[in-house]
Amino acid sequence: MSERECESADESDAPDERAATAEKLVELAKRRGYFFQSSGAYGGVGGFYTFGPQGAALKGNVEDAWRDRFAVAEGNMEIDAPTIMPEPVFEASGHLEGFDDMLVECPDCGESHRADHVVEDETEYEDAESLPIPEVEEIIAEYELVCPNCGAGLAGQAVEDFNLMFETNIGPGDADPGYLRPETAQGIFVEFPRLKEYARNQLPFGVTQIGRAYRNEISPRRSIVRTREFTQAELEYFVDPEVDEPDLTAVADVEVRLYPASEQQAEDGAEIETTIGDAVAEGIIGDPWVAYFLGIARPWYESIGVDMDRFRYRQHLSGERAHYASDCWDAESEIDGNWIEIAGFAHRGDYDLSKHADHSGDRFTVFRQYDEPITVERAAVDPDMSYLGPEFGGDAQTVVQKLEDLAARDRSAFEGDAVEITLEGETHEIPVERTGFSVDEQTEAGEHVLPHVVEPSFGVDRTVYTVLHHAYREDEVDGEERTHLALEPEVAPTFVGVFPLQSDEELEERAREIVADLRAAGLSVTYDDSGNIGRRYRRQDEVGTPFCVTVDYESLDDDAATVRERDTTAQKRIPIADLAATLSALRAGDAAFDDLE
């Protein structure tokens with residue numbers, strides 16, 4: 001080649017100098033086609049972003065990597081549920097009543113803000129979301145906090161709950177109300193009665209889903225970190241709470257950085273460097289299922305390019321943990337000196353399935369077969385409806401249900417002449433002889449179990465943002481400043497760029513033949529013959545392409561091409577016939593560039 005770069009970048013300058021800032025990254029993302037605000041021709045709209053050609057490819061690669069690890073490798077099934085669901089689903093799940101953020105409105109400009117964010121941005125409070133509204137109002141007044149938009153004082157302004165659900169109608173006319181799902185999980189939970197059949201009614205089993213979710217955020221911010229439409233990758237893992245335990249052997253030695261609730265609340269609290277096995281043994285991670293998924297997620301994050309020096313697991317404080325979760329940890333990444341949540345790992349108990357069972361009337365249990373049939377005593381009632389009907393009218397069936405529940409819970413209540421029940425706050429006595437109470441022996445082959453749910457939930461957009469931020473580099477090559485993305489080959493949107501050295505018909509033809517061969521081998525390839533070779537290298541460096549192949553005049557004689565590695569800019573001559581196999585091995589991790597001859 002007549003034009004070459006130095007064999008490696010100046011080691012004193014930047015692979016170690018991570019100079020990314022939000023502003024630099026957003027500018028690069030827009031210029032190079034990673035992501036940008038949607039509907040720009042109409043002025044844009046807050047909280048909605050379009051992933052460009054590079055960003056869509058990177059996002060797709062991250063999703064594929066997640067699917068390989070959490071669905072395929074774990075033997076879990078995958079579904080694709082609708083993004084719009086009827087109102088009863090969200091009545092059962094509790095989203096209609098409790099899916100709220102705190103809103104405060106500026107009295108001058110009318111801009112709405114998340115009150116907890118205003119507090120966290122301007123005070124030492126780090127977890128204002130978990131505080132009650134009256135306390136948030138007091139903090140705003142005490143610190144004399146102002147509107148981030150116009151600077152007007154917010155003291156004295158009411159802080160109110162704002163439901164984040166997007167409402168729509170299903171069908172014309174007097175349509176049924178529906179909502180855009182705020183999480184992909186409900187699409188899995190409501191289909192459990194059918195999904196358990198696909199799992200042959202055998203616990204434990206997992207169901208994954210990658211898809212869009214929608215939250216009408218009060219104040220979207222930080223580009224794709226907080227948006228109104230985003231992608232989640234979720235796994236709902238269903239377990240028998242009395243029988244199933246994870247095998248922690250495979251993850252026991254995984255090293256993790258933990259920030260437990262106890263350390264967050266301590267005056268001199270700090271993060272803890274430990275292993276999954278030790279964290280469980282010492283009770284730092286209380287739930288072994290949560291520990292298992294923390295253990296498999298950590299190396300996965302590292303494999304896609306998350307900097308482990310800027311990654312931790314933080315336990316939820318009691319005030320921020322969902323009431324149904326027995327334990328919850330967030331995966332967090334450091335961005336511009338701040339920690340952002342990129343995934344949550346929660347043990348949700350039987351909350352979701354029990355709620356949908358109660359509201360739908362369908363069966364959300366799994367039958368657990370005993371090793372041998374057993375004989376048990378069961379209390380039952382067979383009420384005299386000729387008595388209950390006239391006595392309670394339309395409430396008779398409610399009374400029957402209360403009697404059945406009482407018999408199952410406390411058979412001693414039927415030992416007297418009458419049994420008491422409460423109906424709409426009023427106590428009623430029913431003669432025991434009218435209840436048809438009895439205790440019978442039954443032979444049972446098993447029992448119906450309501451599974452518990454363990455949920456690792458990943459924010460794909462935030463993960464993509466983290467990968468880009470952690471990959472951003474500035475260094476110097478041949479006396480020129482260079483910006484590049486040190487993306488892992490597994491997730492890089494384009495794996496290899498192919499160039500003819502100069503504008504020459506023979507070189508261009510040979511280069512295009514190489515492009516065809518590499519694409520046939522399943523590699524993502526771009527062809528570029530515009531500008532000098534240095535500019536073409538810089539373009540590919542900036543979008544994170546790991547390797548470039550250049551065809552020069554020597555290639556016409558020796559049937560070899562120059563392969564350049566992005567991070568070090570080192571170059572090696574490789575026979576053209578071997579390019580597809582060599583580059584495929586590099587992408588799969590079966591070969592290292594330094595070891596190539």
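The structure reproduced in this document is the subject of the present report. (Residues numbered from 1 in each chain as written. Predicted model: local features only at pLDDT ≥ 70, side-chain atom pairs only at ≥ 80, totals over all residues. Heavy atoms only, no water.)

## What to know about the sheet that holds strand E28 (residues 571-575)
Part 1: Taken together, the 5 strands give an open sheet; going across it, the order is E25-E24-E26-E27-E28, and neighbouring strands pair in mixed fashion. Strands at the two margins of the open sheet, each flanked by one partner only, are strand E25 (525-527) and E28. Averaged over all neighbouring strand pairs, the angle between strand axes comes to 25°, with direction disregarded.
Part 2: Relative to E28, strand E27 (residues 560-565) runs antiparallel, the two being bridged by 5 bridges. By the bridge assignment for E28, Thr 562 is matched with Arg 573.
Part 3: Those strands touched by helix H17 (residues 505-520) are strand E24 (496-500), E25 and strand E26 (547-551), and its axis lies near 160° from that of E24.
Part 4: Set on the sheet, helix H18 (residues 533-543) makes contact with E24, E25, E26, E27 and E28; between it and E24 the angle comes to about 170°. (Pairing = 2+ DSSP bridges. Helix = DSSP H or I, 4+ residues; strand = E, 2+ residues; numbered from the N terminus. Axes fitted to C-alpha atoms, helices over the stretch in contact; angles between N-to-C directions. Contact = heavy atoms within 4.5 Å.)

## A closer look at the layout of surface pockets
Part 1: Estimated volume of the second largest pocket: approximately 410 Å³.
Part 2: Lining of the second largest pocket is provided by 23 residues; of these, His 113, Pro 148, Ser 219, Pro 220 and Arg 221 occupy positions nearest its centre.
Part 3: Considering every element that reaches the lining of the second largest pocket, the biggest residue donor is helix H5 (residues 115-122), with 4 residues.
Part 4: Class assignment of the residues belonging to the lining of the second largest pocket gives a composition of 6 nonpolar, 9 polar and 8 charged. (1 Å grid on protein atoms, 1.4 Å probe; cavity = no way out; pocket = protein on both sides within 12 Å on 5 of 7 lines; lining within 4 Å. Points joined across faces, edges and corners; volume = space filled by probe spheres on them. Nonpolar A, V, L, I, M, F, W, Y, C, P; charged D, E, K, R; others polar.)

## Some thoughts on the nonpolar core
Part 1: Counting 63 residues, the largest nonpolar core has Tyr 34, Tyr 301, Tyr 313, Phe 345 and Phe 458 as its most contacted members.
Part 2: Here this core takes 10 residues from helix H11 (residues 288-303), the largest share from any one element.
Part 3: Listed in part, the 29 residues of the second largest apolar core include Ile 514, Val 549, Val 563 and Ile 576. (Core = buried A, V, L, I, M, F, W, Y, C linked by side-chain atoms within 4.5 Å. Buried < 20%, exposed > 50% of the residue type's maximum accessible area, 1.4 Å probe, protein only.)

## Some remarks on empty space enclosed by the protein
Part 1: In total, this model carries 1 cavity of 30 Å³ or more according to the counting rule given.
Part 2: Here the largest cavity is characterised by a volume of approximately 40 Å³.
Part 3: Forming the walls of the largest cavity are Val 62, Glu 63, Trp 66, Ala 233, Trp 300, Phe 458, Gly 459, Val 460 and Thr 463.
Part 4: Of all the secondary structure elements, the ones that give two or more residues to the lining of the largest cavity are helix H2 (53-72), strand E21 (452-459) and helix H16 (460-471).
Part 5: With 3 residues, the single largest contributor to the lining of the largest cavity is H2.
Part 6: Residue composition of the lining of the largest cavity, by class: 6 nonpolar, 2 polar and 1 charged.

## Description of the pattern of salt bridges
Part 1: This model, assessed by the stated rule, comprises 41 salt bridges.
Part 2: Two residues, Glu 63 and Lys 59, come together in a salt bridge whose shortest N-O distance is 3.3 Å. Of the two residues, Glu 63 and Lys 59 both sit in helix H2, 4 residues apart, roughly one turn of that helix. The same class applies to Glu 63 and to Lys 59, which are both buried.
Part 3: Two residues, Glu 273 and Arg 257, come together in a salt bridge whose shortest N-O distance is 3.2 Å. (Salt bridge = Lys/Arg side-chain N within 4 Å of Asp/Glu carboxyl O.)

## Section: the side chain of Asp 352
Part 1: Tracing the backbone through its elements, the reader meets Asp 352 in helix H12 (residues 351-360).
Part 2: Overall, Asp 352 belongs to the buried group, its relative accessible area being 2%.
Part 3: Non-local contacts of Asp 352, meaning those with residues more than four positions away in its chain, are made with Gln 186 and Phe 189.

## Here's the deal with the packing of aromatic side chains
Part 1: This model, assessed by the stated rule, comprises 29 aromatic pairs.
Part 2: A centroid spacing of 5.9 Å and a plane angle of 80° characterise the contact between Phe 70 and Trp 300, whose relative ring orientation is edge-to-face. You can see Phe 70 sitting in helix H2 and its partner Trp 300 sitting in helix H11, a full 230 residues away along the chain. Like Phe 70, the residue Trp 300 is buried in the burial classification.
Part 3: Their ring planes at 45° and their centres at 5.2 Å tell us that Tyr 237 and Trp 289 sit as a pair that is tilted. Of this pair, Tyr 237 sits in strand E11 (residues 229-239) while Trp 289 sits in helix H11, and the two are 52 residues apart along the sequence. (Phe/Tyr/Trp six-rings, centres within 6.5 Å; stacked < 30°, edge-to-face > 60°.)

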